[in-house]
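Commentary on secondary and tertiary structure
If you want the building blocks of each chain, they are given just below.
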Amino acid sequence: MRFAPVLGLMATLLATPAVADPARLDARSAVAAKAPRAHAITWDKYSLKVDGQRVFSWGGEFHPFRVPSPDLWRDILQKMKASGYNTVAVYFDWGYHSPKQGVYDFSGVRDMDRMLTMAQEEGLYVITRAGPYVNAELTRGGFPGWLVNQQARARTDAPEYLQAADEWLSRINAVVARHQLTTGQGTVIAHQIENELDVVGPAQQRYMRWLADKARADGITVPIFHNDKGRNGYWVPKGSNVPGTVEGPTDLYAFDGYPGGNCKVDSTPSSPGVAPDWGIYGPGGAKGGASASPNTPGFLAEFGGGWFDYWGSNGDYDCTAIHRGVGYQRVFYATNIANGITLQSFYMTYGGTSWGWLPAPVVFTSYDYGSAIDEARGLRDKARVMKQMGEFVAAVPDLTRMDKGEAVVPSNDKVRVYHNVNTETGSHLYVVVHNPSSATGDETFTFTVKTRDGQYVVPSRIKGQDSKMLMASYDLGGQRLVYSTSEIQTHLKWNDGDLALLYGRTGEAGETVLRYASPPKVEVIEGDVQSAFDAARGDLKLTYAHKGLARVRITGGGRSPLTLLLADAETGQTFWRRDDVLVRGPGLVRGEAAKGGVLSLTGDTETDSPLEVFAPKAVTAIRWNGAKVATKPTASGSLLAERPLPGPAAITLPDLAKLDWKTAPGSPEADPKFDDSAWMRTEGRRGGSTVRGPTGQPTLDMSAYGFHNGDVWYRGRYHGRADIDTLTLHYGGGGAGMLQVWLDGRFLGQHELDGGLPRPITTGVATFKLPEDLRGTGEHVLSVMVRDNGHNWDLDADDFHKEARGLVSASLSGPGTYSFAAPIAWKIQGNKGGEDIQDPVRGDANNGGQYGEREGWHLPGFPDAAWAKADMADTKPYAGTTWYRASFDLALSKDQDTTLGLSIGDPALPRSPNKRYRVLIFVNGWNMGQFIANVGPQRTFVLPSGIVDPHGKNTLALAVTSDGAPGDALEAVKLVNLRTVRGGIPVARVPAPDFKP
Ligand code: IPT
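As the structure is a computational prediction, the values presented were derived from the model and not from experiment.

**A few points about the overall build of the chain**
A tally of helices and strands in the chain yields twelve helices and 55 strands. Radius of gyration (C-alpha) of the chain: 30 Å, near the 30 Å computed for a compact globule of 997 residues. In terms of overall dimensions, the chain has a C-alpha envelope of 110 × 65 × 55 Å along the principal axes. A buried classification covers 66% of the 997 residues belonging to the chain. Of the contacts formed within the chain by residues at least 6 apart in sequence, a portion of 73% connects residues at least 24 apart.

**Re the domain arrangement of the chain**
When cut into domains, the chain gives domain 1 (38-379), domain 2 (402-641), domain 3 (656-662 + 856-982) and domain 4 (682-829). Averaged C-alpha coordinates put domain 2 and domain 4 at centres separated by 65 Å.

**Let's talk about the pattern of salt bridges**
Enumeration over the complete set of coordinates arrives at 69 salt bridges. A salt bridge links Arg 155 to Glu 194, with the nearest nitrogen and oxygen atoms 3.0 Å apart. In this pair, Arg 155 is assigned in the loop between β6 (125-129) and α6 (159-177) and Glu 194 in strand β7 (residues 188-195), connecting sequence segments 39 residues apart. You'll find Arg 155 and Glu 194 in the same group, each marked buried. Between Lys 658 and Asp 655 there is a salt bridge; the shortest N-O distance is 3.5 Å. A relative accessible area of 40% places Asp 655 in the partly exposed class. Connected via shared salt-bridge partners are Asp 75, Lys 79, Arg 377, Arg 590, Asp 604 and Asp 897.

**Structural notes on the sheet that holds strand β25 (residues 529-534)**
Read across the sheet, eight strands follow the order β14-β15-β16-β19-β20-β23-β26-β25 without closing on themselves; strand pairing throughout is antiparallel. Taken across any chain shown, the strands that pair with only one partner, and hence form the sheet edges, are β14 (403-404) and β25. Taken together, the six bridges between β25 and strand β26 (residues 539-545) define a ladder with antiparallel strand orientation. Bridge pairing links Asp 534 to Asp 539 in β26. This element, helix α9 (residues 326-338), spans β15 (415-421), β16 (428-434) and β19 (467-476) of the sheet and lies at about 40 degrees to β19.

**Comments concerning the environment of Gln 829**
With respect to the element layout, Gln 829 can be found in strand β47 (residues 825-829). Judged by relative accessible area, which is 12%, Gln 829 ranks as buried. Along the chain, Gln 829 and Arg 681 lie 148 residues apart, while their C-alpha atoms are 9.2 Å from each other. Filtering out sequence-adjacent residues up to four positions away, Gln 829 remains in contact with Trp 679, Phe 707, Val 712, Trp 713 and Arg 854.

**Examining the site of the ligand**
Around the ligand, the structure places 17 residues, and the nearest of them are Tyr 91, Asn 135, Ala 136, Glu 137 and Tyr 369. A distance of 2.5 Å separates an oxygen atom of the ligand from a polar atom in the side chain of Glu 137. Between the ligand and Tyr 369 there is a distance of 2.5 Å, counted from an oxygen atom to a side-chain nitrogen or oxygen. Contact with the protein chains hides 89% of the accessible area of the ligand, taken as 380 Å² for the molecule alone.

**Describing the environment of Thr 898**
Here Thr 898 shows up in strand β50 (residues 896-904). Between the C-alpha atom of Thr 898 and that of Leu 743, which follows or precedes it by 155 residues, the distance is 48 Å. If we skip the residues at most four places from it in the chain, Thr 898 touches Arg 377, Ile 651, Leu 892, Ser 945, Asn 977, Arg 979 and Thr 980. At 2.9 Å, the side chain of Thr 898 forms a polar contact with the side chain of Thr 980.

**Things to note about unusual backbone geometry**
Cis geometry is adopted by the peptide bond preceding Met 348, which originates at Tyr 347 and carries an omega value of -10 degrees. Looking at the secondary structure, you find Met 348 in strand β13 (residues 341-350). Phi is positive for Ser 267, which is not a glycine, with a value near 60 degrees. For Asn 495, which is not glycine, the phi dihedral falls at a positive 50 degrees. Structurally, Asn 495 can be placed in the loop between β21 (487-494) and β22 (497-504).

**Thoughts on the state of the cysteines**
Under the defined criterion, the tally for this structure stands at one disulfide. Covalent S-S linkage joins Cys 263 and Cys 319, the inter-sulfur distance amounting to 2.1 Å. Residues Cys 263 and Cys 319 are joined by a disulfide whose S-S torsion is about -110 degrees; by sign, that bridge is left-handed. Highlighted residues: Cys 263 in the loop between β11 (252-257) and β12 (298-304) and Cys 319 in helix α8 (residues 317-323), separated in sequence by 56 residues.

**Examining the packing of aromatic side chains**
Taken as a whole, this structure holds 51 aromatic pairs when the rule is applied. Relative to Trp 278, the ring of Phe 255 has its centre 6.0 Å away and its plane inclined at 75 degrees; by these criteria the two rings are edge-to-face. With a gap of 23 residues between them, Phe 255 in strand β11 and Trp 278 in the loop between β11 and β12 connect regions that are remote in the sequence. The same class applies to Phe 255 and to Trp 278, which are both buried. Judged by centre distance (6.0 Å) and plane angle (85 degrees), the ring pair of Trp 857 and Trp 883 falls under edge-to-face. Taken as a pair, Trp 857 in the loop between α12 (851-854) and β48 (868-869) and Trp 883 in strand β49 (residues 879-889) lie far apart in primary sequence, 26 residues in all. In terms of burial, Trp 857 and Trp 883 fall into one category: buried. Of the aromatic side chains, those joined through ring pairs into one cluster are Phe 56, Trp 58, Tyr 253, Phe 255, Trp 278, Phe 303, Tyr 328, Phe 332, Tyr 333 and Phe 346. Positioned above the aromatic ring of Tyr 367, the side-chain terminus of Arg 66 is 3.6 Å from the ring centre. In this structure, Arg 129 is placed above the aromatic ring of Tyr 91, and the distance from its NZ or CZ to the ring centre is 3.8 Å.

**Considering the sheet that holds strand β55 (residues 973-982)**
The strands that make up a sheet pair up through hydrogen bonds in the backbone, lying either parallel or antiparallel. Spatially, three strands are ordered β53-β50-β55 in an open sheet, and the strand pairing comes out antiparallel. Across the chains shown, the open sheet's two edge strands, defined by having one partner strand only, are β53 (940-943) and β55. Going from strand to strand, the sheet's axes swing by 30 degrees on average, the running direction of each strand aside. Both β50 and β53 contribute to a ladder of four bridges, which runs antiparallel. Of the residues in β53, the one forming a bridge with Leu 900 is Leu 943.

**Digging into the side chain of Arg 918**
Relative to the elements of secondary structure, Arg 918 occurs in strand β51 (residues 917-923). Look at Arg 918 and you get buried, because its relative accessible area is 1%. A distance of 3.1 Å separates polar atoms of two side chains, one belonging to Arg 918 and the other to Glu 752. When residues no more than four places from it in sequence are discounted, the contact partners of Arg 918 are Ala 736, Gly 737, Met 738, Glu 752, Arg 787, Asn 789, Gln 930, Phe 931, Ile 932, Ala 959, Val 960 and Thr 961.

**Structural notes on helix α3 (residues 70-82)**
Counted at 1.5 Å a residue, the expected span for α3 with its 13 residues is 18 Å, and the 19 Å between its end C-alpha atoms agrees. Of all the 13 residues making up α3, 13 are buried; the element is thus mostly covered by neighbouring parts of the structure. Following α3 by one or two positions, Gly 84 has its phi on the positive side, about 95 degrees.

**Side note on the packing of α6 against helix α7 (residues 202-217)**
How two helices pack is summed up by the angle between their axes together with the distance between the axes. Two elements in contact, α6 and α7, have axes whose closest approach is 10 Å; the angle formed by their N-to-C orientations is 30 degrees. The angle between the axes of α6 and α7 places the two elements in the roughly parallel class. Like other packed secondary-structure pairs, α6 and α7 cross with a definite hand, here right-handed. Residues Tyr 161, Leu 162, Ala 165, Asp 166, Leu 169, Ser 170 and Asn 173 of α6 pack against Tyr 207, Trp 210, Leu 211, Lys 214 and Ala 215 of α7. A breakdown of the residues in the contact of α6 with α7 according to their chemical character gives eight nonpolar, two polar and two charged.

Conventions we followed
Residues numbered from 1 in each chain as written. Predicted model: local features only at pLDDT ≥ 70, side-chain atom pairs only at ≥ 80, totals over all residues. Heavy atoms only, no water. Helix = DSSP H or I, 4+ residues; strand = E, 2+ residues; numbered from the N terminus. Rg over C-alpha atoms; globule rule 2.2 N^0.38 Å. Buried < 20%, exposed > 50% of the residue type's maximum accessible area, 1.4 Å probe, protein only. Contact = heavy atoms within 4.5 Å. Domains from an automatic or database assignment. Salt bridge = Lys/Arg side-chain N within 4 Å of Asp/Glu carboxyl O. Pairing = 2+ DSSP bridges. Axes fitted to C-alpha atoms, helices over the stretch in contact; angles between N-to-C directions. Near = heavy atom within 4 Å. Polar contact = N/O pair within 3.5 Å; in protein donor to acceptor, adjacent residues only side chain to side chain. Areas by Shrake-Rupley, 256 points an atom, 1.4 Å probe, with all protein chains shown as cover. Disulfide = S-S within 2.5 Å. Phe/Tyr/Trp six-rings, centres within 6.5 Å; stacked < 30°, edge-to-face > 60°. Lys NZ or Arg CZ within 6 Å of the ring centre and 35° of its normal. Expected span 1.5 Å × (residues − 1). Parallel < 35°, antiparallel > 145°, perpendicular 65-115°, else oblique. Left-handed = near helix turned anticlockwise from the far one by under 90°. Nonpolar A, V, L, I, M, F, W, Y, C, P; charged D, E, K, R; others polar.

Okay, here's the thing in structure tokens:
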């Protein structure tokens, strides 16, 4: 392991049975707590260094706030670690912690200390990204609801804004400061102070200075950076001296990029893009990427690991997982490696769920992102390729200090070979891609490898969207790899010698040349491998085809023994490199611990799986998830399980249609007699919205009244006049938001916003004709429900997040009266308590202002006995919102990990175009998403374990909002098994309050 010492220590500490035993965990933290040791983080143009040792940060983005079940954070971190990442990058969402100015919560699902401690325990470095602004497809880009009421422009040094940001930073910086590698208390290695601030005037200059000073004052001692949106050369550290750059109070310069294109509108992959040179092979200059800051390492704070998906698409995540899939990773990420970019973080690596009211208008509930780990916590093929790439990066420290080598001209001009040299170790890296790298043909070629070991003409091949990262003149442990046309997956010290795993594409020829003083003994244990020794050069040349797994043992020749595993790519992916062991077979290896000759492994099996362990000789017995495994020694010195590890057993789930469902109408506000005496009058407020109603009308913007998420109701009274026949409502509803209107209890209709990309329509004007019989003089009552599907982000730092939500203005008019405005006296009601949220455990994002939410109908334990029995086979459409409730018990096996989903309607179709209804899905009181039947594309909603209780009673509550037209009623609801493996880690039910009268 080439981790910094503290991580080396952690790796050792990690060598305990995963997390099955919390006592052990405590012991681990205790050990860590006893010995906090400060570490120096420095850098040069090549890489970060920890205590002088170079580090390649191979990272993935993960958002704890998108998984409201803290035990699952560990599951994801373990999967990242196992998949070859050594760093996790996290955004923190200010709004997630602050429902009201001055009020902050860092407990339960908001416990970021816990998350950072877990990352340390799992042996991952952390890059913290604390906002204040993060974007992240979050409502308001992570700003809290209350901030939109500020008149001051956000992300400047306006005192009102700074004062607010100060509140947040004082708290989140303190959390980060407790987990820094520099103090030895954690593994945070770098800290981001703003995100993509591409307005760079004096007010922003002062703001950035203030953010950096604040971080330092709050005890943050790791390097500070900003994430530049694309490559503008903004906020580079002082002394960069590149014309056109903007200096900032940063230590490192970082930028992001999402090259490679996206899926087509019909959700099929478009052709591959060309991988850009954003480092040493780039054009240079301020906009060249890493070259904007020549004294700091190439740092991609975000590089596309997928892409987000929008309301009304055809469901892109599966497509994204292909388009930005394994080929994309190999080409684009390898190109970054060739470019010497030694900090790379892939956004997202686990996307998760924008549950409740977290999503910005540009996304729906699922934030799967097509990333390496899917929303149901399964490893995609992408993760297995990341493992191969990440294990390579971890095993070959030479990659942290690469310069451009002599240009290499391959024999085929349809191929490009990047050639880098580590002038300290003398090794060479050749990164082979198509020319251009978007090409996908089948090219065979040769190129010349010229190193201190001699000159060789090397045959290779590149086929499909792919790259190869080949090492030459490389000191592989005690061996000298002259060159290989196979890629290194990993190598480790093993007993008295080395163990190396190399791989190539199935069926392709491979050759590996090793240097010896005298002819070594070559023993082919398995597979078809030819060897020849060239005594003049001392070269042992192995030739073979990559197929399954070949094993060779080489002894003598003046070197320590080498066990060489030559795999095809897929076989290589069945290996897991743990600290000092190599394991083959299971779907996931989470942890290992050796004690008295017994190696205890933990992990998951997706199916019956072999288990083979290459462990130090001292290990004579193996346990898997606590159970003894009968093994036999193999000729290659490993231990092989005599029988496969069992895969998961089938599970059965309750048929939701058969439950005892109850139903109740949920829009009593529509009734003219509804008692709104406790509601607030819309008067005396001034919001911060960038969109305002006409002068003379009261501020209607829901935010001005402290209602920041979800649904909001308005009731307006006016005196009618025969010539008033039209109601016009200007409103803000976010992506695919909507509004429903009643006059004197009669449903006038609804208006829906278009959620599509590139920019969803987030505000709209809805016009309703008043029914003739309701135009009389006398008092009339309007009831309006606005669904706010998220506030805008502030991508361009122009206060776009402040655009009004709820009503903006209302007018009553008639022919010839133009916009004659009959005064309407409005009252407003959003989520119960407004900023004084009623459920701090589930939090601000959980609830809007539906009547049922205000009354606790979504909560477990709500007494629904008096509700009507619902016929789920024949649900009826009602204008407004109708609630359905049911409970079910689960008793799934504790030895397995199941991710459950809730699906509505036919999952094969992205939407039901003719069914105009939407559903808020509450599971045990948690708002786990919104289904919009006529918009789509999401019909299946992930229910994270801990929210859903796999071993207990669960309550479902569905709030169905419809226009009441025939057919616009709830479709069949099903519980589905999205993924089951044997293994997993213990996941506690997230404690949250039940209904209290
Ligand atoms: C970049 C943001 O930094 C990040 O928060 C997220 O929004 C991501 O994109 C897209 O998912 S913004 C950049 C693509 C303009």
